[in-house]
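Listed below are the residues making up each chain.
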Amino acid sequence: MAGGSAIRGSRVGAGPMGERERGESAPRQWISFFCSNGHETVPAFAVDALVPDTWDCPRCGFPAGRESATPPAAPRNEPYKTHLAYVKERRSDADGDALLEEALARLRARRGER
Ligand SMILES: [Zn+2]
């Protein structure tokens, strides 16, 4: 008879309101994504939803992958763009110097005339 009461007890324990609500709502799965900065994101997906291979890290915006050992590489565009912008800046500076020299030369020429 002791065994019978144990089964009864487990039934009572397994049937609170929370358990039922969970069963009625759409079942979810939590998938971990890891970015190259070591951030872990755990968005929830419906069990029947297609889980993407990558997820944008909400902390740094880098792509995050499902393998913690091999997170996707950080996008290379950013430093490359910065370098390009730097080169462009230097070029326009050189152009500006040339224009400035030209203007100075004109000023000197005018002074020389007077
Ligand atoms: Zn991150």
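Conventions adopted
- Residues numbered from 1 in each chain as written.
- Predicted model: local features only at pLDDT ≥ 70, side-chain atom pairs only at ≥ 80, totals over all residues.
- Heavy atoms only, no water.
- UniProt positions renumbered as here; feature names shortened; annotations may be inferred.
- Pairing = 2+ DSSP bridges.
- Helix = DSSP H or I, 4+ residues; strand = E, 2+ residues; numbered from the N terminus.
- Phe/Tyr/Trp six-rings, centres within 6.5 Å; stacked < 30°, edge-to-face > 60°.
- Buried < 20%, exposed > 50% of the residue type's maximum accessible area, 1.4 Å probe, protein only.

Per an unreviewed UniProt entry, the protein is named RNA polymerase-binding protein RbpA, and its organism is Jatrophihabitans lederbergiae. Among the UniProt annotations of the protein, the heading Subunit (unreviewed entry) holds the following wording: "Forms a complex with the RNAP catalytic core and with free principal sigma factors." Here the protein is described in UniProt, under the heading Sequence similarities (unreviewed entry), as follows: "Belongs to the RNA polymerase-binding protein RbpA family."

K.L.:
Could you clarify how one ought to interpret the sheet that holds strand β2 (residues 33-35) in this entry?
P.N.:
Hydrogen bonds between backbone groups are what pair the strands of a sheet, and the pairing can be parallel or antiparallel. What the 4 strands build is an open sheet, ordered β3-β2-β6-β5; its pairing is antiparallel. One side of each edge strand has no neighbouring strand; the edge strands of this open sheet are β3 (40-41) and β5 (54-56).

K.L.:
What am I meant to see in the packing of aromatic side chains here?
P.N.:
Centre distance and the angle of the planes are the two values used to describe a pair of aromatic rings. Under the criterion given, the structure shown has 3 aromatic pairs. With a centroid separation of 5.8 Å and 25° between ring planes, the pair formed by Phe33 and Trp55 is classed as stacked. In this pair, Phe33 is assigned in strand β2 and Trp55 in strand β5, connecting sequence segments 22 residues apart. Residue class for Phe33 comes out buried when judged on its relative accessible area of 0%. For Trp55, a relative accessible area of 30% corresponds to the partly exposed category. For the ring pair Phe45 and Trp55, a centre distance of 5.3 Å and an interplane angle of 80° mean the geometry is edge-to-face. On the criterion of sequence distance, the pair formed by Phe45 in strand β4 (residues 44-46) and Trp55 in strand β5 is long-range, its members being 10 residues apart. Grouping aromatic residues by their ring pairs yields a cluster made of Phe33, Phe45 and Trp55.

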